[in-house]
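Given next are the chains, with one letter for each unit.
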Amino acid sequence: MMWYLVVAAVCILYVYWSFRMYPGNMPVYPGKLPLLGNLSLFLGDAVVITDPDDCNQVLSSYFERPGFANKFLRPFLGDGLLVGPGSIWKDRRKLISPSFNQQVIDSFLDIFNKQSRRLVKSWEEYVGDENFDHHDYLEKTALETVCLTMAGVDITQQREYNNRCLTAFRTLVDRVIERAKNPFYYTELIYSMSALKKTEDSNVAISHQLTDQVLQRKREEYNTDQKIIDPKSESKFKPFLHRLLDFSNTSLSDKDIKDEMNNIIFAGSQSSSAVVAYTLLLLGTYPEIQQKCRKQILDVFGDSDRDVSKADLTQLKYLDAVLKETMRLCPVAPFTGRIITEDTKLKNAVLRKGLVCGVMLYGVLNNPELWGSDVNEFVPERWLEPNRLPENPRAMGSFGYGKRNCIGKIYAIMTMKVSIVHILRRYRVTGNYHNMKLKNQVINKPARGHEIRIELLE
Ligand code: HEM
């Protein structure tokens, strides 16, 4: 009798959870048990996938990002590219894409060089010293660079204020994670009365003030420069904010422009700066790899301290491999996700409509079946020898897949390479990657700075 009751209870629970968790039908997996089905599904209302073809299929078919982070980041990021709903995202992405075209990014090379020189100079005081938090400097520089390039606005003279903004970003993302951990705060009413909400409001205000300032300065220039507003003389390949302003009062409201600017300032300041920080730490841990990088830089530049040109970048193949390997071993964006809006057949499972699908980029990039037994080691050489790379090119997914992949990919690669060339031409770096502690703040960030030591090269 007892067993009948247990089985009946399990069946009722199963049906209850099926409906509660999935607005559509339950996903179908191989190995389903009679009555009990896939017990693992009791653990949550999402599935996580790591097969590169499945990841590509899901990310190429669906455009709605799910999750708490998305919802809770809205007061900060509005309906901008990073978190906006699929319906708004589609037209916006189309409108914004030309601003991330290679031709536009190439025109930023001068700024990338200048900013890298400023960064290298600011580190002089640490030469021969103890460890210092290089990530902090990289983030500050990235914030200035993104405003200079994407908006054409120079904020380099207001360092203290910029630092407050970066602290505000950190606090906001911490708050999102804290809110996600407390189900009471899922209800807007309860959350609106909490101390957490007050912190959110004050930090959103700080970060939006920066955007307002940038927008105001750009608008003044835009409205007075007749050359800029003559649409016939201009192609669509313009820097980000310039292009957005071309559409103000037609397809984009002031709020739309502000949302997009907030998103690009946030994404542009947080992502590539973290990758450069990991790269330096890895190069500091593996001096022989650092030396190989430097040798290639010497081959290209000799003793010259000249700016990095477009042609130089194509020659720096080893540095390119180092960056790719860093992004594989230590992805700054370890996962993304989509809401499944149609039943979808994957290799070994069917995802039912309504399901939340987590796409674990980390899993793809660190799967020993794809990358081999040295998957946990830092081996830039694998990117230079095609037979050492996974047969499936989709295994290389650091920037995501499909139409909603990273729009800033070309920008990121160029800015990271330029800054590393300038740093390695001037300093020898030491550090210990194995001491690094990360925390996930939507993207992976250092838990307490990434510390390196630097010495001046002879
Ligand atoms: C190495 C640095 C970077 C990495 C590894 C990276 C990675 C990613 C990933 C994995 C996504 C999500 C893709 C998806 O959901 O399918 C993404 C989206 C995005 N990234 Fe990046 N990113 C980097 C740098 C940048 C930079 C420098 C910018 C801006 C200047 C940027 C702007 C964005 C934006 C706006 C989105 C949302 C795109 C959309 O939804 O249409 N990223 N990035």
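Above this note sits the structure.
Residues numbered from 1 in each chain as written. Predicted model: local features only at pLDDT ≥ 70, side-chain atom pairs only at ≥ 80, totals over all residues. Heavy atoms only, no water.

Enquirer: Would you explain the pairing of strand β1 (residues 46-49) in this entry?
Expert: Working note: regular strand, side chains alternate between the two faces of the sheet. The alternating pattern of β1 places V47 and I49 on a buried face and A46 and V48 on a face that is not buried. Across four bridges, the pairing between β1 and strand β6 (residues 356-359) is parallel. Within β6, the position partnered with A46 by the bridge is V356. (Buried < 20%, exposed > 50% of the residue type's maximum accessible area, 1.4 Å probe, protein only. Helix = DSSP H or I, 4+ residues; strand = E, 2+ residues; numbered from the N terminus. Pairing = 2+ DSSP bridges.)

Enquirer: What is the right way to read the pairing of β6 from this model?
Expert: Where strand β3 (residues 336-339) and β6 come together, four bridges link them in antiparallel fashion. For G337, the partnering residue across the bridge sits in β6 and is G358.

Enquirer: Just checking my understanding: could you explain the coordination of the iron atom of the ligand for this structure?
Expert: Each pair of donors in an ideal four-coordinate tetrahedral metal site encloses 109.5 degrees, whereas pairs in an ideal six-coordinate octahedral site enclose 90 or 180 degrees. With respect to protein ligation, the iron atom of the ligand binds only C406 (SG), at 2.3 Å. Its place among the elements puts C406 in the loop between α19 (368-371) and α20 (409-426). (Donors = N, O, S within 2.8 Å, 3.2 Å for Na, K, Ca; no water.)

Enquirer: Looking at this structure, I do not really get the site of the ligand. What am I missing?
Expert: Taken together, the neighbourhood of the ligand is formed by 31 residues, with W89, R93, T336, R404 and C406 sitting nearest. The separation between an oxygen atom of the ligand and a polar side-chain atom of T336 is 2.7 Å. Within the side chain of R338, a nitrogen or oxygen atom sits 2.9 Å from an oxygen atom of the ligand. Looking at the shell around the ligand residue by residue, the class counts come to 19 nonpolar, eight polar and four charged. (Near = heavy atom within 4 Å. Polar contact = N/O pair within 3.5 Å; in protein donor to acceptor, adjacent residues only side chain to side chain. Nonpolar A, V, L, I, M, F, W, Y, C, P; charged D, E, K, R; others polar.)

Enquirer: I'm lost on the packing of helix α7 (residues 109-122) against helix α8 (residues 134-151) in this one. Help?
Expert: Packed helices, taken two at a time, are described by the angle between their axes plus the distance between the axes. It is the contact of α7 with α8, at a shortest axis distance of 10 Å, that shows an interaxial angle of 155°. The angle between α7 and α8 falls in the class roughly antiparallel. Seen along the crossing, α7 lies across α8 with a hand that is right-handed. Within the contact between the two elements, α7 uses I111, F112, Q115, R118, L119 and S122 and α8 uses Y137, L138, T141, E144, T145, L148 and T149. Residue composition of the contact of α7 with α8, grouped by class: six nonpolar, five polar and two charged. (Axes fitted to C-alpha atoms, helices over the stretch in contact; angles between N-to-C directions. Parallel < 35°, antiparallel > 145°, perpendicular 65-115°, else oblique. Left-handed = near helix turned anticlockwise from the far one by under 90°. Contact = heavy atoms within 4.5 Å.)

Enquirer: How should I be thinking about the nonpolar core in this particular structure?
Expert: Note that soluble globular proteins tend to have their nonpolar side chains buried in a common cluster. Residues W123, M150, L241 and M261 are the most contacted members of the largest nonpolar core, which totals 97 residues. Broken down by element, the residue count for this core peaks at 14 residues, all from helix α14 (residues 254-285). Setting aside residues up to four positions removed in sequence, M261 forms contacts with M150, A151, T211, L215, F240 and L241. (Core = buried A, V, L, I, M, F, W, Y, C linked by side-chain atoms within 4.5 Å.)

Enquirer: Sorry if this is basic, but what is going on with the environment of I49 here?
Expert: By the element assignment, I49 lies in strand β1. On a C-alpha basis, the gap between I49 and F335 in space is 10.0 Å, while along the polypeptide they are 286 residues apart. Those residues within four positions of I49 in sequence are excluded, and the remaining contacts are D54, C55, V58, L346, C357, G358, V359 and M360.

Enquirer: Just checking my understanding: could you explain the state of the cysteines for this structure?
Expert: By definition, a disulfide links the sulfur atoms of two cysteine residues through a covalent bond. In this structure the tally under the stated criterion is zero disulfides. No disulfide involves C357; its sulfur sits 7.4 Å from the nearest other cysteine sulfur, which is in C55. (Disulfide = S-S within 2.5 Å.)

Enquirer: Explain the packing of aromatic side chains to me, please; I cannot follow it from the model alone.
Expert: In this description, an aromatic ring pair is defined by two values, namely the gap between the centres and the angle between the planes. For the coordinates displayed, the defined rule picks out 17 aromatic pairs. With 5.6 Å between their ring centres and 40° between their planes, F76 and F169 make a pair best called tilted. Of this pair, F76 sits in helix α4 (residues 74-77) while F169 sits in helix α9 (residues 159-181); the two residues are 93 residues apart in sequence, bridging distant segments of the chain. Comparing F76 with F169 shows no difference in burial state: the two are buried. Geometrically, the ring pair formed by Y126 and F132 is stacked, given 4.3 Å between the ring centres and 5° between the ring planes. Accessibility assignment for this pair places Y126 and F132 in one class, buried. Here a set of aromatic residues connected by ring pairs shows up, and it is made of W123, Y126, F132, Y137 and Y427. Here the basic side chain of R328 rests over the ring of W371, its NZ or CZ set 5.3 Å away from the ring centre. (Phe/Tyr/Trp six-rings, centres within 6.5 Å; stacked < 30°, edge-to-face > 60°. Lys NZ or Arg CZ within 6 Å of the ring centre and 35° of its normal.)

Enquirer: Would you mind showing me how to read the environment of D305 here?
Expert: Topologically, D305 is positioned in the loop between α15 (287-301) and α16 (310-315). Residues D305 and G84 lie 221 residues apart in sequence; the distance between their C-alpha atoms is 43 Å. Excluding its chain neighbours within four sequence positions, the residues that come into contact with D305 are R117 and R425.

Enquirer: Sorry if this is basic, but what is going on with the pattern of salt bridges here?
Expert: Two side chains bearing opposite charge may form a pair once their charged atoms approach each other closely. Counted under the stated rule, the structure contains 40 salt bridges. Taking the shortest distance from any N to any O, the salt bridge between E188 and R179 comes out at 3.0 Å. One salt bridge in this structure joins R352 and D343, with 3.0 Å as the shortest N-O distance. For D343, a relative accessible area of 42% puts it in the partly exposed group. Counted as one network, the salt bridges with shared partners bring together E325, R328, D374, R382, E385 and R388. (Salt bridge = Lys/Arg side-chain N within 4 Å of Asp/Glu carboxyl O.)

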